[in-house]
Amino acid sequence: LAGVMVANLALLFVLSTVRNPFINKVRSMGPVLHFTTYLEDTGMFLKNNLGPNDAVVIDDYNYETGAIAYVAGLGLLQNERAFLIPDRVYPERQQKKFAELMPFIRSRRPTYLVYANEGELKQFLPFPSDCSSKQIEDMQFACVHQNTHYQIYKIDYATLRSVRN
């Protein structure tokens, strides 16, 4: 029995290290903390591209905002660098957060917006599903990364700066 348990643990460990979308369920059960490939991909892009003071907006899809923030190195607790869109379990909290989104973008000027085509943000701020650029008010959103669930947009405030100068 002990041999079967050790073999099972070894198999789970080996399978959890493979980056394959079909093995994502095994990765989440592995003995080492792993996330699905699209979460790791999204979080690692942010981790590698966010500066120490850069902010980000993260859309909610499948209750994954905290996981993306964690993989990106932003921590598990809400902080002023990460604006996390809440799930739809509490609609009043979600509507309050939507009302705070544009003021946050204008004041904190996040570098990136993580958008999920099946996420919560689409009801408030729809983006094209083909990862193309979008202009909102005086901000340009350029898609710089995409995977099966998320699109990452870099926000350019150049237009905003030229109007103020």
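Keep in mind that this is a model prediction, so the values were computed, not measured.

(A) The arrangement of the state of the cysteines in detail. According to the stated counting rule, one finds one disulfide in the structure shown. Each sulfur in the disulfide pair C131 and C143 lies 1.5 Å from the other. Of this pair, C131 sits in the loop between β3 (112-116) and β4 (134-136) while C143 sits in strand β5 (residues 139-146), placing them twelve residues apart in sequence. Residue classification places C131 among the buried positions, given a relative accessible area of 15%. Note on C143: relative accessible area 18%, which makes it buried.

(B) Local environment of the pattern of salt bridges. Throughout the structure, instances matching the rule amount to five salt bridges. Between K96 and E100 there is a salt bridge, with its nearest N and O atoms 3.3 Å apart. With K96 and E100 both in helix α5 (residues 91-108), this residue pair falls four residues apart, about one helical turn. Judged by relative accessible area, which is 56%, K96 ranks as exposed. When its relative accessible area of 31% is taken as the criterion, E100 is described as partly exposed. Here K122 ties to E118 by a salt bridge, and the two come within 3.9 Å at their closest N and O atoms. A relative accessible area of 37% means that K122 is categorised as partly exposed.

(C) Representation of a nonpolar patch on the surface. A cluster of nonpolar side chains, namely Y63, V89 and Y90, defines an oily patch on the protein surface of about 340 Å² accessible area. Position of Y63 relative to the elements: it lies in the loop between β1 (56-58) and α4 (65-71).

(D) Representation of the confidence of the model for the protein in the model. Residues at a pLDDT of 70 or more form 79% of the protein, whose mean pLDDT is 83. This stretch, residues 160-165, has a pLDDT under 50; its non-local contacts, to residues over four places away or in other chains, come to five contacts.

Conventions adopted
- Residues numbered from 1 in each chain as written.
- Predicted model: local features only at pLDDT ≥ 70, side-chain atom pairs only at ≥ 80, totals over all residues.
- Heavy atoms only, no water.
- Disulfide = S-S within 2.5 Å.
- Helix = DSSP H or I, 4+ residues; strand = E, 2+ residues; numbered from the N terminus.
- Buried < 20%, exposed > 50% of the residue type's maximum accessible area, 1.4 Å probe, protein only.
- Salt bridge = Lys/Arg side-chain N within 4 Å of Asp/Glu carboxyl O.
- Patch = residues over 30% accessible without salt bridge, like charges linked within 9 Å, V, L, I, M, F, W, Y side chains within 5 Å.
- Areas by Shrake-Rupley, 256 points an atom, 1.4 Å probe, with all protein chains shown as cover.
- pLDDT = per-residue confidence, 0-100.
- Contact = heavy atoms within 4.5 Å.

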